[in-house]
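Breakdown of the fold
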Amino acid sequence: MKRSAHMTKKLYYEDPYLKEITVQVAESSANERGPYVVLNETCFYPEGGGQPADQGVIGTAAVLDVQNQDGEIRHYLDRQLDPGEYKATLDWQRRWDHMQQHAGQHLLSALLEDRHGYQTTSFHLGQERVSIDLHQAAIDRKTLQQVELEANRIISQHLPIRKRFVNEQQLGQLALRKPPAVTGDIRLVEIEGIDLNACGGTHPDNAAEIGLMKILGTEKAKGGMRLYFLCGERALEHFGKVSDVSDALIGKLNAPLPELVQAADALLSEKIAADKEIAELKKQLLSAEAKALTPEEGVAIRNFGDRPVKELQQLARLATEEYPSVCLLFAAHAEGSIRLVCARGNESSADMRETLKRLLQETDGKGGGTPALAQGGGHTEKPFERFQEIFNELHANG
């Protein structure tokens, strides 16, 4: 038998600025999410409509999440609380941020639709960025700049944001932006002269409290487009971070702000040229190293410690061109593991895959390649002399 859900009075609708109250824990329980309580009344907003849940403290317990489940508002805590009376304190900075972002979203969506024909399909209030998804797949930069300016001019007009509940009958007489997602009594949020929308979120009383709006950019998403933006104190904080980064780059690149991109481009061009030159010099060095190998009895064996295998392969190719009848073994042997490169010149008929297979018997590894060049490796406790000995047995002319 299902127990009846406790009806909690939603004080966050009566006064979204309420930060601290005394509450009664009517029920204390736990599920797979952890311990939770149901209160007689609450100032904590449960997650919904794109807006995350409030956080804060009830008594000594931290409120980690708030969810509306089966008509019951559950406050998930970091510890169990017994039924009784407690002081509840809202994380106001988090709530205030959510109020600024959510009201900003209403304003932005209204301007995009009414003045530019872009329809909002969903809203996401993330920890870092805030976004709306739009039906259309593209929006030009000029339109974005225009919308941002329009939004900030409206913010400065101090328009009231009114909230009220209406029944379904009253709803039919109102021109809503989109049909509500719930039935029964519907909560409306209205920015005077700009927007009328069914919404269960928390908002400030005046559009001026949005503070400011900054559009960050767009990306393709779900066949439409995702538009990122920030409002109020979060936008200021973002501007601070951008400013810190640009100041650091101005110092490092020794160029004023308008010339930063140019300075970075110049640096990248220099790096590309330098990388090309380094690659060419490395090639010349390897070529000189290959010439200096001087095989004995048709064989060249070298242990290069922890040198990159890619270099050993290059060196092997150059050495076999320089000495067409050579059979060579190059190794990178360090700390219990070995990488082997076996190669031969085109005047030799030896099969380096067979040679490698024999050498790898001394390890737990594997490898492969062509008759002219094979490589592989594995772990081994054997000294390098053992590999040298086997290779000499197979290929030395002496």
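Before reading on, note that the structure itself is shown above.
Only a predicted model underlies this, so the values are computations on that prediction, with no experimental measurement involved.

Here's the deal with helix H7 (residues 309-322)
The end-to-end C-alpha distance of H7 is 20 Å, a good match for the 20 Å that 14 residues give at a rise of 1.5 Å each. Of all the residues in H7, the buried ones are Val 309, Glu 311, Leu 312, Gln 313, Leu 315, Ala 316, Ala 319 and Thr 320. Elements that come into contact with the buried residues of H7 comprise helix H6 (260-291), strand E17 (327-334), strand E18 (337-344) and strand E20 (373-379).

A short note on the packing of aromatic side chains
Inspection of every chain in the model, using the stated rule, returns seven aromatic pairs. Each ring, one from Trp 92 and one from Trp 96, has its centre 5.9 Å from the other, and the planes form 25°; the classification is stacked. Separated by four residues within a single helix, Trp 92 and Trp 96 lie in helix H2 (residues 92-116), roughly one turn from each other. For Trp 96, a relative accessible area of 13% corresponds to the buried category. Note on Phe 304 and Phe 330: the rings are 5.3 Å apart at their centroids and 85° apart in plane angle, and the pair reads as edge-to-face. Separated by 26 residues along the polypeptide, Phe 304 in the loop between strand E16 (299-303) and H7 and Phe 330 in strand E17 bring together distant segments of the chain. Chaining the aromatic ring pairs together yields one cluster made of Tyr 12, Tyr 13, Tyr 45 and Phe 165. A cation over a ring is seen here: Arg 33 above Tyr 76, with NZ or CZ 5.6 Å from the ring centre.

Focus: the sheet that holds E17
If you trace the five strands from one edge of the open sheet to the other, you get E16-E17-E18-E20-E19, paired in mixed fashion. Where the open sheet ends on each side, the last strands, each with one partner, are E16 and strand E19 (366-369). Within the sheet, the average angular offset between the axes of one strand and its neighbour, ignoring direction, is 10°.

Thoughts on the state of the cysteines
Tallied over the full model, the rule gives zero disulfides. Note on Cys 199: no disulfide assigned, nearest cysteine sulfur contributed by Cys 231 at a separation of 14 Å. Exposure remark for Cys 199: the relative accessible area of 11% places this residue in the buried category. By relative accessible area, Cys 231 is classed as buried at 0%.

Some words on the sheet that holds strand E8 (residues 84-90)
Pairing is antiparallel in the closed barrel, where six strands are placed in the order E2-E3-E7-E6-E5-E8. Across the sheet, the mean angle from the axis of one strand to that of its neighbour is 50°, orientation sign disregarded. Where strand E2 (residues 20-31) lies against E8, six bridges are found, and the strand directions are antiparallel. Considered in E8, the bridge of Val 23 is made with Tyr 86.

Notes on the pattern of salt bridges
Inspection of every chain in the model, using the stated rule, returns 22 salt bridges. Put simply, Lys 214 and Glu 148 hold a salt bridge, and the shortest N to O gap is 3.2 Å. Residue Lys 214 is located in strand E14 (residues 213-221), and its partner Glu 148 is located in helix H3 (residues 141-155); the two are separated by 66 residues in the primary sequence. The salt bridge involving Glu 289 is made with Arg 307; its shortest N-O contact spans 2.8 Å.

Regarding the environment of Glu 14
Among the structural elements, Glu 14 can be located in helix H1 (residues 11-14). Expressed as a C-alpha distance, the spacing of Glu 14 and Arg 164, which sit 150 residues apart in the sequence, is 9.8 Å.

Some points on the packing of helix H5 (residues 232-253) against H6
Contact geometry of H5 with H6 gives a least axis separation of 10 Å together with a crossing angle of 50°. As the angle between them shows, H5 and H6 are arranged oblique. For the element pair H5 and H6, the recorded crossing hand is left-handed. The residues of H6 that touch H5, namely those facing Ser 246, Leu 249, Ile 250 and Leu 253, are Leu 260, Ala 263, Ala 264 and Leu 267. In the contact of H5 with H6, the residues fall into seven nonpolar, one polar and no charged.

Thoughts on the packing of H2 against H3
At their nearest, the axes of H2 and H3 sit 10 Å apart, and the two run at 125° to each other. By the criterion of interaxial angle, the relationship of H2 to H3 is oblique. The handedness of the crossing between H2 and H3 comes out as right-handed. Note on element contacts: H3 touches H2 through Thr 143, Gln 146, Val 147, Glu 150, Ala 151, Ile 154 and Ile 155, opposite Leu 107, Leu 108, Leu 111, Leu 112, Arg 115 and His 116. The residue makeup of the contact of H2 with H3, split by class, is eight nonpolar, three polar and two charged.

Points about unusual backbone geometry
With the exception of glycine, most residues fall at negative phi, and the peptide bonds are largely trans. Look at Asp 70: it is not a glycine, yet its phi comes out positive at around 50°. Checked against the element boundaries, Asp 70 lands in the loop between strand E6 (61-69) and strand E7 (72-77). In this structure, His 158 takes a positive phi of about 55° despite not being glycine. Tracing the chain through its elements places His 158 in the loop between H3 and strand E11 (161-166).

Conventions used here
Residues numbered from 1 in each chain as written. Predicted model: local features only at pLDDT ≥ 70, side-chain atom pairs only at ≥ 80, totals over all residues. Heavy atoms only, no water. Helix = DSSP H or I, 4+ residues; strand = E, 2+ residues; numbered from the N terminus. Expected span 1.5 Å × (residues − 1). Buried < 20%, exposed > 50% of the residue type's maximum accessible area, 1.4 Å probe, protein only. Contact = heavy atoms within 4.5 Å. Phe/Tyr/Trp six-rings, centres within 6.5 Å; stacked < 30°, edge-to-face > 60°. Lys NZ or Arg CZ within 6 Å of the ring centre and 35° of its normal. Pairing = 2+ DSSP bridges. Axes fitted to C-alpha atoms, helices over the stretch in contact; angles between N-to-C directions. Disulfide = S-S within 2.5 Å. Salt bridge = Lys/Arg side-chain N within 4 Å of Asp/Glu carboxyl O. Parallel < 35°, antiparallel > 145°, perpendicular 65-115°, else oblique. Left-handed = near helix turned anticlockwise from the far one by under 90°. Nonpolar A, V, L, I, M, F, W, Y, C, P; charged D, E, K, R; others polar.

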